[in-house]
Each structure stands twice: as structure tokens, then as C-alpha cells.
Amino acid sequence: MKNKNIIILAIETSCDDTCVALIKGGEKKKLKIKVLSNLISSQVKIHQKYGGVYPFLAKREHQKNLPLLFEKAKKEAESASRRSKIDLIAVTVGPGLEPCLWVGVNFAKGLAKKLKLPIIPINHIESHIFASLLMPTGSNSKFDCCFKPGFKHLNNMFPIVCLVVSGGHTQLILMREFGKYKILGETRDDAAGECFDKIARMLGLGYPGGPAIEIEASKKVKGLKFKVTLPRPMIHQKNYDFSFSGLKTAALYNYKKQKPNVKKSIDYIRAMSAETQQAIIDVLIYKTIKAAKDHKVKTIILGGGVAANDELRKQFKYKLKTLNHKVKFLVPSKIFCTDNALMVAITAYYHWVLGIKKDWKKITVNANLRIENEI
Ligand code: KG4
Ligand code: ZN
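A short tour of the structure in this document, coming up. Throughout, a residue's number is its position along its own chain's written sequence, starting from 1. Working convention: letters from A go to chains and numbers from 1 go to ligands, in the order in which they are written. The predicted nature of this model means local features are confined to residues of pLDDT at least 70 and side-chain atom pairs, given and counted, to a pLDDT of 80 or more, with totals for whole chains, interfaces and linings taken over all residues. Working from all heavy atoms in the structure, the side-chain values ignore hydrogens and water.

All right, on to the sheet that holds strand S11 (residues 299–303) then. What the 5 strands build is an open sheet, ordered S10-S9-S8-S11-S12; its pairing is mixed. Edge strands, defined here as strands with exactly one partner in the open sheet, are strand S10 (180–186) and strand S12 (328–330). The average angle at which neighbouring strand axes cross in this sheet is 20°, direction not considered. Following DSSP output, two strands are said to pair if at least two bridges run between them. Per the convention used, a helix needs a DSSP run of H or I reaching at least four residues, while a strand needs a run of E reaching at least two, with both numbered from the N terminus. Two elements, strand S8 (residues 160–165) and strand S9 (residues 170–177), share 6 bridges in a ladder whose sense is antiparallel. Each bridged residue has a counterpart across the sheet, and for Val161 the counterpart in S9 is Leu174. Only heavy atoms matter for contacts: two residues are in contact if any of them lie within 4.5 Å across the pair. Here an angle of 0 to 180 degrees is reported between the N-to-C directions of two axes, which are lines fitted to C-alpha atoms, with helices fitted over the stretch in contact. On top of the sheet, helix H9 (residues 266–294) reaches S8, S9, S10 and S11; it is set at about 160° to S8, its chief contact.

Put simply, two rings from Phe, Tyr or Trp (the six-membered ring, in Trp's case) pair if the centres are within 6.5 Å, and we call them stacked under 30 degrees between planes, edge-to-face over 60, tilted for the rest. Evaluation of the coordinates by the stated rule reveals 12 aromatic pairs. Ring geometry for Phe130 versus Phe178: centroids 5.3 Å apart, planes at 85°, classification edge-to-face. Of the two residues, Phe130 is situated in helix H4 (residues 124–130) and Phe178 in the loop between S9 and S10; the sequence distance between them amounts to 48 residues. Across this residue pair, the class does not change: Phe130 and Phe178 are buried. Note on Phe147 and Tyr349: the rings are 6.4 Å apart at their centroids and 15° apart in plane angle, and the pair reads as stacked. Of this pair, Phe147 sits in strand S7 (residues 145–147) while Tyr349 sits in helix H11 (residues 342–353), placing them 202 residues apart in sequence. Categorising residues by exposure relies on relative accessible area from a 1.4 Å probe, with only protein chains included: less than 20% of the type maximum marks a residue as buried, more than 50% marks it as exposed, and the intermediate range marks it as partly exposed.

The values reported here are purely geometric and, on their own, carry no functional implication.
Rendered as C-alpha cells:
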């Protein structure tokens, strides 16, 4: 490659957001990035009716939006940089919703063939982890950002325990070095975000449920007429697994036994929201700290849509202060927690910098891709 820097096009369509980003990555030693474009087309309004993501509808929206977003991103990149010719394509290949993933992957493959470009397949979970290295530098729509000072070279960070909590996943992952992962535990049924979404739907709070529950929970004031108590599933089991479907069922039983006027009352909705949020937070923090202690990690990384929850972030930081040994804590800025293509672009940049070789031609989708397996 003639140029020392690299222009990366990143595509993310694993769930219900169509995302495209274009970045310029600096030469290998410098690890610098410039965001040329970062676009997200959210389908929230479409899926709101269903209270969750409807995969075939999401696929259709991705098909409609992706080419438009790509054209717009290219234009933005042309005006943001003297050189904007794409050198490399990065695309999320899994895990995620299969029909949705194929839209991004087919688009990437078509473009790679036409422009004779290499592709780096990206694991969605890995990109949520790498989002924690970014720091926004402005407040414009491109989400301008740089690497957090002191962290970009990943020096003195390993071993790391990563908690990725989203609408589709809840996993505790041990990272011994870049690219070397071991899943320590994961949910046996529903993901944490899914639990937020389902309980919010039950309460009539709409989709996505996490932010809606967070708002109601924050309004919980002393003197509420109701006290809701929910279980903390699997919290004391000697493993790093989670189970959130039992929590959802307990919430449903509690709801069903209430009188109609109580169910709809704002006091009950707030009490239920606060207890749901706290039950999820308690289990997530307890298990992550246990994994961090057992594996003597130097760093904890939190990522995924649920990581945008302020109370979770606050309580994690508080808990870490009370530990005997010092652990670094990295969490993405809230705008980088939910799905975006910037996190895909920077993950691909690390792959490029560290020279991790992939068979770029045999790229395919794997809806159940595991981070510990090679793509
Ligand atoms: O990572 P993400 O954008 O998509 C997946 O990969 O699934 O995560 C979306 C999930 C949804 O379940 C949503 O309710 C949850 O993240 N979420 C939140 C918050 N913001 C988004 N959960 C709790 N609190 C929030 N503030
Ligand atoms: Zn995600």
C-alpha cells in the first residue's frame, strides 16, 4: 500500500440500526484516527409497534437505507479529507440477526469486488469492547473522536475482563491479549437488554425499554406507595453465567397480581422500573467483580447498549473504588454504547495495525459467532 494511512469503510447491520462510517487511520506506529463520516439510520419507530426487533422488517429497512447511507458517507468523507478513496472495508459478520447481517455483508462483498478491495470481517461483540477506547472530541453529528489518552496502545491493560451487555447478548469475556478471548460466562436465556425491553413493554413504556426504564427509575422518590421486590437470578452460583428470563417472569407475576388501577399507576411503574434496573445492575456488577478478582485482571471493560445506563456506570465506578486492588475501568461514552459503525471501523483498524491475517475472500455470516473462535 502506497499510503501510510488507511481509509476504512465500516458497515454495521447486525440488528435494527443501519450504520456506516468512514475513518482515516494513521500510520501503524501512531495509532491516530480521524472520523470522516459516521451515520446511523435508526429503525426504532418501525419496531416500536412490535415492542422489539422484527428481523425481516429490519432486513428490508437495511436494504433500503444502506445504499443511501453509503452515498451520503462518501460525500461527507470527500469534503472532510483531501484523500477519501477507500482502502479497506470492515463489516460486522456476527453475532446478530442473520437476515440483517447478510444485508451488510452482501453490500460489502459487492463493493469489494467492484473496487477490488480487501474486507476485514468484524465480530460485533469485539467492536462493542473496542468502543470503550474512543473519546468524543466534539458535539457534531459525525461523532468526532480520538483514542482515550493512555489506552490506545493497550499497554498495561491485560488481562482484561469485558462485560458486554446489549439487546442480544450478555457475556463476560476474558481478554489475555489483543484477539485472544475466552468467554467466562454468558446468559443462559434472555440478554439483559432484552429483559429491560420486555419489562418496559409490559409496563407500556415502549421500545427500546432500557432508556425508558432508566427514566422512570430515576424518578423514584421516597414515599412511593408500592414496594416491588424481584430476585437476583444466579447471583450466588459459582459460575459467571446469567439468567434474566426468570427476572422477567417474576416481574410479570408481580404485575398480574396487581389491581388494574395499581398496574397503571405512575407509582407502581416507577417502583417496578427501579427494582428491575437494580436487580439487573446487582447481578451484572457482582459477577463481573467476581470474574475480575478470580482472574486478577488489571482492567474491566463495559460495553454494549445497556452500558449506556447511568446508574450501572455509576454503581460500577463506586464498587470498584471499594476494592483492595486497583482496577482500570473503561466504558464507552454513551453515544458509542449502542450500535454504530465507528466501533467497527476502529476494531478493523486494530486488526490492520497488528497485522492479523484473515482470509478476506471467504467472508460469510455467522449469526451465532463466538468471540473466542476465529472468523
Ligand atoms: O448494543 P445495542 O445497541 O444492540 C444490540 O447489539 O443488541 O443494545 C440495545 C439494547 C436494548 O435492549 C436497549 O434497551 C438497551 O440496549 N439500552 C439500555 C439503555 N440504552 C439502551 N438499557 C438500559 N439503560 C439504557 N440507558
Ligand atoms: Zn450491539
